[in-house]
Amino acid sequence: CAMRVGVNCGSVDPAKLDRVLPFFAAMQADVHANEPDATFYRWYRQKDQPNVFWVMEVFADAAAKDFHMARHQWRAAEFGEILIEPPVFNDVAEI
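Residues numbered from 1 in each chain as written. Predicted model: local features only at pLDDT ≥ 70, side-chain atom pairs only at ≥ 80, totals over all residues. Heavy atoms only, no water.

1. Observations concerning the overall build of the protein
What counts, and what does not: What counts as a helix is a DSSP run of H or I of at least four residues, what counts as a strand is a run of E of at least two, and both are numbered from the N terminus. In this description the radius of gyration comes from C-alpha coordinates, and the expected globular size is given by 2.2 Å times residues to the power 0.38. Whether two residues touch is decided by their heavy atoms; if any such pair falls within 4.5 Å, the residues are in contact. Charge assignment: positive for Lys and Arg, negative for Asp and Glu; neither His nor the chain ends contribute. By convention, charge coordinates are those of NZ in Lys, CZ in Arg, CG in Asp, or CD in Glu.
Helix and strand content of the protein: three helices and four strands. Of the regular secondary structure in the protein, the N- to C-terminal order runs β-α-β-β-α-α-β. What you see for the protein is a C-alpha radius of gyration of 13 Å, in line with the 12 Å of a compact globule of 95 residues. Counting only C-alpha atoms and orienting by the principal axes, one finds that the protein spans roughly 40 × 30 × 20 Å. For the protein, restricting intrachain contacts to residue pairs at least 6 apart in sequence, the fraction spanning at least 24 positions comes to 70%. With 9 positive and 14 negative side-chain charges, the protein shows a separation of 4 Å between the mean positions of the two kinds.

2. A look at the sheet that holds strand β2 (residues 38-45)
Threshold: Whether two strands pair comes down to DSSP finding at least two bridges between them. To define axes, lines are fitted to C-alpha atoms, for helices over the stretch in contact only, and angles between the resulting N-to-C directions are given on a 0 to 180 degree scale.
An order of β2-β3-β1-β4 is seen for the four strands of this open sheet, with the pairing classed as antiparallel. The sheet is open, and its two borders are formed by β2 and β4 (91-92), each paired with just one other strand. Pairing between strand β1 (residues 4-11) and strand β3 (residues 52-59): eight bridges, direction antiparallel. Residue pairing for β3: V7 is matched across the bridge by M56. Strands β2 and β3 of the sheet are contacted by helix α1 (residues 17-34), whose axis makes an angle of about 170 degrees with β2. Sheet contacts for helix α2 (residues 62-71): β1, β2, β3 and β4; angle to β3, the most-contacted strand, approximately 135 degrees.

3. Remarks on the environment of A38
Spelled out, the test is: The classification of residues rests on relative accessible area computed with a 1.4 Å probe and restricted to protein chains. Under 20% of the type maximum is buried, over 50% is exposed, and intermediate values are partly exposed.
When you line up the elements, A38 lands in strand β2. Taking the relative accessible area as the measure of exposure, A38 reaches 12% and is therefore buried. A C-alpha to C-alpha distance of 6.4 Å links A38 and A60, two positions 22 residues apart in sequence. Excluding residues within four positions of it along the chain, A38 makes contact with V31, V58 and F59.

4. Focus: the pattern of salt bridges
Short version of the rule: Salt bridge, as used here, is a side-chain nitrogen of Lys or Arg placed within 4 Å of a carboxyl oxygen of Asp or Glu.
Applying the stated rule across the entire model yields six salt bridges. The closest approach of N and O atoms between D30 and R75, which form a salt bridge, is 3.1 Å. Placement of the pair is D30 in helix α1 and R75 in the loop between α2 and α3 (76-82), with a sequence separation of 45 residues. Its relative accessible area of 5% is what places R75 among the buried residues. With a closest N to O distance of 2.8 Å, D91 and K65 form a salt bridge. With D91 in strand β4 and K65 in helix α2, this pair connects stretches of sequence that are 26 residues apart. Shared partners join several salt bridges into a network, and the residues in it are D30, E35, R71 and R75.

Just geometry here; none of it tells us what the structure is for.
Take a look at the structure:
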């Protein structure tokens, strides 16, 4: 299967939560509107740690994932400002 799936996690600065929620919502809307080969892309907030966020992303193939990563390089600086530690990227495979 050529599909690429990621379940990724990041911890954000609790003092910046008011900035984080619209940032992730805008990114999610942008992906939905402009990346047709991102077949699923959704942010989640962890219930027991409200400053921990997860994104589940499914791309049609490696090219779609590469396209996504290249499109969002300009967001790297903002991620650097809101995250309190580097994100954890988990590429997973269907069983």
